[in-house]
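Tertiary structure, described
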Amino acid sequence: MTVTPRGTIGWLHQWGDRSVSTSSNFVGSPVTFMTSSMEQDRDALLLGAGLDILVKRDGNWDLNLKANYGAEIRAGGYDQSVFAGFEIRF
């Protein structure tokens, strides 16, 4: 069994437009739908932590268990993500 911890730190800078808008409609319909995003902060701090556990069996296949946490922190709010999964190689 092999255990591998992971860590991430980074900076995200928005160079272009900080808000996005688009309009769309159904084919043949005169009705137009407009969607707009919220304006995002120009800069964000990215943080992450994770753990991979590799379990080997008889050399014929590998089982890898994964768990990760990520955060994007901005002045106007933050986003968080959690991932858990497995990978089988044979």
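Relevant structure appears above.
Per chain, the residues get numbers from 1 upward, laid out in the order the sequence is written. Given that this is a predicted model, residues contribute local features only at a pLDDT of at least 70 and side-chain atom pairs are listed and counted only at 80 or more, while totals for whole chains, interfaces and linings are drawn from all residues. Hydrogens and water are ignored here; the side-chain numbers use all heavy atoms of the structure.

**Quick notes on the environment of Asp52**
Runs of H or I in DSSP of at least four residues are treated as helices and runs of E of at least two as strands, each being numbered from the N terminus. Mapping Asp52 onto the fold places it in strand β4 (residues 43–57). For the pair Asp52 and His13, spaced 39 residues apart in sequence, the C-alpha separation works out to 29 Å. If near-sequence neighbours (up to four positions away) are discounted, Asp52 is found in contact with Thr2, Val3, Thr4, Arg6, Asn64, Leu65 and Lys66. Between N or O atoms, a polar contact is any pair within 3.5 Å; within protein, one atom must be a potential hydrogen donor and the other a potential acceptor, and residues adjacent in sequence are included only when both atoms are from side chains. Polar contacts involving the side chain of Asp52 include one to the side chain of Arg6, which spans 2.9 Å. Contacts are assigned to residue pairs with any non-hydrogen atoms lying within 4.5 Å of each other.

**Considering the environment of Asn64**
Relative to the elements of secondary structure, Asn64 occurs in strand β5 (residues 61–74). Distance from Asn64 to Arg89, taken between C-alpha atoms, is 8.4 Å for residues 25 residues apart in sequence. Those residues in contact with Asn64 that lie beyond four places of it in its chain are Asp52, Ile53, Leu54, Gly85, Phe86 and Glu87.

**Here we look at the packing of aromatic side chains**
The criterion for an aromatic pair is that two Phe, Tyr or Trp rings (for Trp, the six-membered ring) have centres within 6.5 Å, with stacked assigned to planes under 30 degrees apart, edge-to-face to planes over 60 apart and tilted to the rest. For the coordinates displayed, the defined rule picks out 1 aromatic pair. Centroid distance Phe26 to Phe33: 5.6 Å. Interplanar angle 80°. Geometry classified as edge-to-face.

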